[in-house]
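Chain and residue survey
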Amino acid sequence: MGKETVIVLDFGGQYNRLIARRVRECNVYCEILPYTVDIGKIKSMAPKGIIFTGGPNSVYDESSPHYSAEIFELGIPVLGICYGCQLMAYSLGGNVVSAADDSVSEYGKTETAYDNGNPLFKNIPESGISWMSHRDYISEAPNGFSVIAKTQNCPVAAMANIEKKLYGVQFHPEVNHTEYGKDMLRSFLYDVCECEGTWQMDSFIDTAVSKIRAQVGGKGVVLGLSGGVDSSVAAALLSRAIGKQLTCVFVDHGLMRKDEGDFVENTFTKLFDMNFVRINCQDEFLDKLKGVSDPEDKRKIIGTEFYNVFWDKIRESYGSGYFAQGTIYPDRIESGKGDAAKIKTHHNQVGVPGDIKFEGIIEPLKDLFKDEVRAVGEKLGLPHDLVWRQPFPGPGLGVRVIGEVTAERVKILQDADAILRDEMDKCGYAKEMSQFFAVLPGVRTVGVMGDARTYSELVAIRAVTTDDFMTADWAKIPYDILGKVSSRIINEVPSVNRVVYDITSKPPGTVEWE
Ligand code: XMP
């Protein structure tokens, strides 16, 4: 492709995506490939550099991932990180000591001394904190390598063969705990690999627009638009490329936040050139959900109904030309296994039915991380609120109205949730949280309003902070903000007389209640 690329070769480390993001932040395009990738593919990509990630194994484990030592002979710079560094040392004849002697394992912030006489460390001080997480260690660097960093316990905290452009660091430069870690990565990319930094979102947009135009010609493109960040940015990008040749189909099942359907319609009809089709099927969804309270049944019904409504519309009017979707890079990478593209959808289920034959699939964001998608969205003029939208479950409020979903209960939840969001925005606290929302648990409690007894719905507030949504902490929202939210909900939403705050982390809880 001629695009300046660095390969992140994945040996199963927990930070593989973080490494890739750090590289991209330095304006260098990179791709994560599994360690099982054929060396022929690597050669054909002609990368400017290769980074070996960490991994949980010891190089001595029978099942540990290895790679042909030929990779070090290609003349392409390599940076090995943690396990990647040990593998480099082991493959090239250095000595790796296995974990038998536990006294040498290091974990956490570690004072490290750097030799600044090499390109990797030339821009950083002589010492600093690095983040270590290893048991095996390198006791001797391979022939031709010099030791370029040490810690109290680690005789080879980093090593280099400057002439062959091979570098290894036992610590993790990609994590924030490593002081100067970003400088090291930058030095590797610019001073060792001699990258030019061509990965910029402006040029990404220009290139994507030309590619879309060349692929599509005069044909039509249809995109399923959910109003989430990815499909919205894909819509904006396609609109820039082909204007009215694009048709966005938006299924409004009524299980979105308050007024969200109108917001999505206004945004795309007023700000962008395209055909916008809104399918109003709120009643149909509610009909299907009548009498259903099991969470998995609700999910299944919402997913199936969405699938049917969406594809029926496509069959009726748009079943030719190209199909576009907002697949992004993290949807495609499966750590250590490969980058097989899979159909990404609103409900993780909307594969193209067999009877619909498109000319092809367009995934204009398939190489971007989420933060890059957001940057592209901002540059294309999408509203800030949409670009920075919190995650929202595919089944929508269907899994936040606990128990049976009815029009009345959806409205109660939407109103309560809108108050919560309004207050969070006003006090500026919204930015501090990864996700927050209201839940309608379906519990009634006794209260007193004026002089009268009430017996009404309870609303729960859920708010979390997290990096990856795999684990999450409950957010420590100040009491005065919670108090304001509570009294507004009770005063402004009829049929709610009590508000509680969910203080469960994940695990043991999940973020959503269903
Ligand atoms: P949980 O509840 O599993 O949520 O801790 C983690 C994150 O995933 C979102 N979520 C969903 N997203 N379809 C989606 O597209 C779903 O069915 C779904 N369920 C949960 C949730 O909002 C949180 O951000």
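Predicted model only: the values in this text are computed from it and were never measured. (Residues numbered from 1 in each chain as written. Predicted model: local features only at pLDDT ≥ 70, side-chain atom pairs only at ≥ 80, totals over all residues. Heavy atoms only, no water.)

1. Some points on the sheet that holds strand E10 (residues 158-161)
This is how it is decided: The rule for pairing is simple: two strands pair if DSSP sees at least two bridges between them. Each helix is a run of DSSP H or I of at least 4 residues and each strand a run of E of at least 2, with the numbering of both proceeding from the N terminus. Here, axes are lines fitted to C-alpha atoms. For helices the fit covers the stretch in contact, and angles between N-to-C directions go from 0 to 180 degrees. Contacts were defined at the residue level, with two residues in contact if any of their heavy atoms lie within 4.5 Å.
As summarised here, the arrangement of the nine strands in space is E2-E1-E3-E4-E11-E10-E9-E6-E7, forming an open sheet in which the pairing is mixed. Each edge of the open sheet is held by one strand with a lone partner, namely strand E2 (29-34) and strand E7 (127-134). Looking at each pair of strands side by side, their axes are set apart by 25 degrees on average, direction ignored. Sheet analysis places strand E6 (residues 106-114) next to E7, joined by eight bridges and oriented antiparallel. Paired with Ala113 across the strands is Ser127, a residue of E7. Along the sheet, helix H3 (residues 83-91) makes contact with strand E3 (49-52), strand E4 (78-81), E7, E10 and strand E11 (166-169), crossing E4 at roughly 120 degrees. Docked against the sheet, helix H4 (residues 181-192) engages strand E1 (5-10), E3, E4, E6 and E11, running at close to 165 degrees with respect to E4.

2. As for the domain arrangement of the chain
Which entries qualify depends on this criterion: Domain start and end points were adopted from an automatic or database domain assignment. The quantity reported as buried area is the accessible area (1.4 Å probe) lost by two parts once they are put together, taken as the sum for both.
According to the domain assignment, the chain consists of domain 1 (5-192), domain 2 (201-387) and domain 3 (406-501). For domain 1 and domain 2, the distance between their C-alpha centroids amounts to 39 Å. Each partner contributes residues to the interface: domain 1 has 12 residues there, and domain 2 has 12 residues. Here domain 1 packs against domain 2, burying approximately 1,100 Å² in sum over the two surfaces, 46% of which is carbon and sulfur.

3. Quick look at the site of the ligand
Heads up, the rule is: Being near a molecule or strand, for a residue, comes down to having at least one heavy atom within 4 Å of it. Think of a polar contact as two N or O atoms within 3.5 Å of one another; within protein, one of them needs to be a possible hydrogen donor and the other a possible acceptor, and neighboring residues in sequence only count if both atoms come from side chains. Accessibility throughout is a Shrake-Rupley quantity obtained with a 1.4 Å probe, and a residue counts as covered only by protein chains that appear here. Note on residue categories: nonpolar means Ala, Val, Leu, Ile, Met, Phe, Trp, Tyr, Cys or Pro, charged means Asp, Glu, Lys or Arg, and polar means any other residue, Gly included.
Around the ligand sit Arg299, Pro391, Pro393, Gly394, Pro395, Gln435, Phe469, Lys506, Thr510, Val511 and Glu512, and that is every residue in its neighbourhood. Here an oxygen atom of the ligand sits 2.3 Å away from a polar atom, N or O, in the side chain of Arg299. Between the ligand and Lys506, the relevant distance is 2.6 Å, taken from an oxygen atom to a side-chain nitrogen or oxygen of the residue. Within the complex, the protein chains bury 74% of what would otherwise be the 490 Å² of accessible surface of the ligand. Tallied by class, the residues present in the shell around the ligand amount to five nonpolar, three polar and three charged.

4. Focus on the packing of helix H13 (residues 407-427) against helix H14 (residues 479-492)
Inclusion rule: Each crossing gets its hand from how the near helix is turned against the far one by less than a right angle, where anticlockwise is left-handed and clockwise is right-handed.
The contact between H13 and H14 brings their axes to 9 Å, and the two run at 145 degrees. As for how H13 packs across H14, the hand of that crossing is right-handed. Facing H13, whose interface residues are Ala416, Ile419, Leu420, Asp422, Glu423, Met424, Lys426 and Cys427, H14 presents Ile481, Lys484, Val485, Arg488, Ile489 and Glu492. Class assignment of the residues belonging to the contact of H13 with H14 gives a composition of eight nonpolar, no polar and six charged.

5. Quick notes on unusual backbone geometry
One can expect most non-glycine residues to show negative phi and most peptide bonds to be in trans. Under the convention used in this document: Working definition: with a 1.4 Å probe on protein chains only, accessible area under 20% of the residue-type maximum means buried, over 50% means exposed, and in between means partly exposed.
Here the bond from Lys506 into Pro507 is cis, since omega is -15 degrees, no more than 30 degrees from zero. Residue Pro508 is reached from Pro507 by a cis peptide bond, and omega for that bond is 10 degrees. As for its position among the elements, Pro508 is in the segment after strand E21 (496-501). You will see that Asp259, though not glycine, has its phi angle at about 60 degrees, which is positive. Checked against the element boundaries, Asp259 lands in the loop between strand E13 (246-252) and helix H7 (260-271). Look at Asp259 and you get exposed, because its relative accessible area is 54%.

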